[in-house]
Amino acid sequence: MTDSHDTCGCGEYRALSRRGFMATAGANLAALSLPAWLPDVAYRESEDTTRDVIVSIFMRGGADGLTLVAPFGDPLYYTGRPTIAVPRPDSSSPVRGVALDNFFMFPQGMLGMYPAYQAGDLAVIHATGQRFTTSRSHFEAERYMEAGKPNDYSLVTGWLARHLATSTPARANAPLRALALGWGGTRLTLTGAPKTLPIPVPGSYNLVTPVGAQLDRLYAGAWAPARSAARDGIATVNLLKSIDFRGYRPANGATYSNTDFNQGLRSLAALIKADVGVEAAHLDIGGWDTHANQGPTSGQMHQLMTDFANGVGAFWADVAKAPTNYRVTLVAISEFGRNARENGSMGTDHGRGSVAFVLGTAIAGGRVLAQWPGLSQDVLEDGQDLKVTMDYRDILAEVVTQRLGNPNLSYIFPGYTPVIRGITK
């Protein structure tokens, strides 16, 4: 779900897309040895059906947090962006923003998520990102963020994978605990997770399925984990065949558009409601590398925000607000933000602080959580970027402990002691 938007990115990002695809296979193979090196961790003694399903969204390309949630209360926002700033909510502009409080606003492209914000189910965290790396390389920053640790290439698994590896399955006999939707394969976030598959389009996941007896003969002398994974894969195919993805009808009048991102969320909604034991899903939405002609009110970023916000808003109405409590928490993050000031091409270059979104009925939302560092020259990082004042792992760690019931934070986020920010109820 990245490729449709990648054409607007910088050269490094396009190269990263190809390199990342090749690297995925190697990382997956390395992670197959996960059970052997798994350290001693605290498991629950039985199945846990009370924890949330976690939906991880990665906004690839370095999403501009100063447009996604624009600080109209800081006058330097308008000084630094004379041609691409979002007009104030109290202006007469037909493309003016909508105030979230007396300082921050959504541009019109983000209004698909506004009902969730008004309902108190969406929390926005601003000036967030990776505090302990200054990399502005997509390749490095994405890797560090998905691994859950900066500057450590020896870590071959993702933070969400390590959560799944250290938690008892929500359903003991579920063949599929997690999936990566879209065409990017299993991203590092989920690399190393047990019973996890890349499934680009669940409704089309039809393979020629051998019967169990044939599979047993085929894998009789194979390595036991490979034999088990093969059987889980076949069971997953049969499971997905049993779900009517094509005929799925969203609840509460929710409407998903035909984009890859929206259709991925629609398929995920159908899968969650089928109640087959899926605990985690990961989706990408790319195209945030807006070096030129950013277009926050009518151009490329407006369209991308509309795709993102409408999809998340539809998923909230369809799943989170459905008559049945499906217990879902959605988190959206990006590897870094953009420069505070626009460049000479009406775009923005790689920066540092950005925004994150956390959505769910158990989220203390309806607010923008920020330790605002300001946009004056003397407080910008390296004189050009919004500082990161809250590490993204504070957000993820609170979700992992409070909504996913996993206390093993030192393993999931090695070397980091998170600060609980009060994002969950």
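How each quantity is defined
Residues numbered from 1 in each chain as written. Predicted model: local features only at pLDDT ≥ 70, side-chain atom pairs only at ≥ 80, totals over all residues. Heavy atoms only, no water. Core = buried A, V, L, I, M, F, W, Y, C linked by side-chain atoms within 4.5 Å. Buried < 20%, exposed > 50% of the residue type's maximum accessible area, 1.4 Å probe, protein only. Helix = DSSP H or I, 4+ residues; strand = E, 2+ residues; numbered from the N terminus. Contact = heavy atoms within 4.5 Å. Polar contact = N/O pair within 3.5 Å; in protein donor to acceptor, adjacent residues only side chain to side chain. Axes fitted to C-alpha atoms, helices over the stretch in contact; angles between N-to-C directions. Parallel < 35°, antiparallel > 145°, perpendicular 65-115°, else oblique. Left-handed = near helix turned anticlockwise from the far one by under 90°. Nonpolar A, V, L, I, M, F, W, Y, C, P; charged D, E, K, R; others polar. Lys, Arg positive; Asp, Glu negative; His and termini not counted. Salt bridge = Lys/Arg side-chain N within 4 Å of Asp/Glu carboxyl O.

**Side note on the nonpolar core**
- Ranked by internal contacts, the top residues of the largest apolar core, which has 61 residues, are Ile 57, Met 59, Leu 68, Trp 288, Phe 308, Phe 315 and Phe 357.
- A per-element tally of this core places helix 11 (residues 300-320) first, with 12 residues.
- Excluding anything up to four places from it in sequence, Leu 68 contacts Met 59, Ala 63, Met 105, Phe 106, Pro 107, Met 110, Trp 288, Met 301, Met 305, Val 355 and Phe 357.
- Leu 160, Ile 395, Val 399 and Tyr 416 belong to the second-largest nonpolar core, a separate cluster that totals 33 residues.

**A look at helix 6 (residues 138-147)**
- Of all the 10 residues making up helix 6, 8 are buried; the element is thus mostly covered by neighbouring parts of the structure.
- Among all positions of helix 6, only His 138, Ala 141, Glu 142, Arg 143, Tyr 144, Met 145, Glu 146 and Ala 147 are buried.
- Here helix 6 starts with a cap whose side-chain oxygen sits 3.3 Å from the backbone nitrogen of Phe 139, and that cap is Ser 137.
- Among the residues trailing helix 6, Gly 148 stands out with phi positive, at a value near 85°.

**Considerations on the packing of helix 10 (residues 260-273) against helix 11**
- Between helix 10 and helix 11, the shortest axis-to-axis distance is 9 Å and the interhelical angle comes to 15°. When the axes of helix 10 and helix 11 are compared, the pair comes out roughly parallel. Where helix 10 crosses over helix 11, the two elements pack in a sense that is right-handed. For the pair helix 10 and helix 11, the contacting residues are Phe 261, Asn 262, Leu 265, Leu 268, Ala 269, Ile 272 and Lys 273 in the first and Asp 307, Phe 308, Asn 310, Gly 311, Val 312, Phe 315, Asp 318 and Val 319 in the second.
- Residue composition of the contact of helix 10 with helix 11, grouped by class: 9 nonpolar, 3 polar and 3 charged.

**A look at the side chain of Glu 335**
- Looking at the secondary structure, you find Glu 335 in the loop between strand 8 (328-333) and strand 9 (354-359).
- As a buried residue without a salt bridge, Glu 335 has its nearest oppositely charged side chain in Arg 60, at a separation of 6.2 Å.
- A polar contact of 2.8 Å, which involves the side chain of Glu 335, links it to the side chain of His 138.

**Notes on the environment of Tyr 411**
- Here Tyr 411 shows up in helix 13 (residues 409-412).
- For the pair Tyr 411 and Arg 162, spaced 249 residues apart in the sequence, the C-alpha separation amounts to 7.3 Å.

**Section: the pattern of salt bridges**
- Per the stated rule, a full pass over the model turns up 20 salt bridges.
- In this structure, the salt-bridge partner of Arg 136 is Asp 385, at a minimum N-O distance of 2.4 Å. You can see Arg 136 sitting in the loop between strand 4 (122-129) and helix 6 and its partner Asp 385 sitting in the loop between strand 10 (367-369) and strand 11 (390-391), a full 249 residues away along the chain.
- In this structure Asp 385 comes out as buried when scored by relative accessible area, which is 0%.
- Among the salt bridges present, the one from Arg 177 reaches Glu 279, with a minimum N-O distance of 2.6 Å. Of this pair, Arg 177 sits in the loop between helix 7 (159-165) and strand 5 (178-180) while Glu 279 sits in the loop between helix 10 and strand 7 (280-285), and the two are 102 residues apart along the sequence.
- Overall, the relative accessible area of 4% leaves Arg 177 in the buried class.

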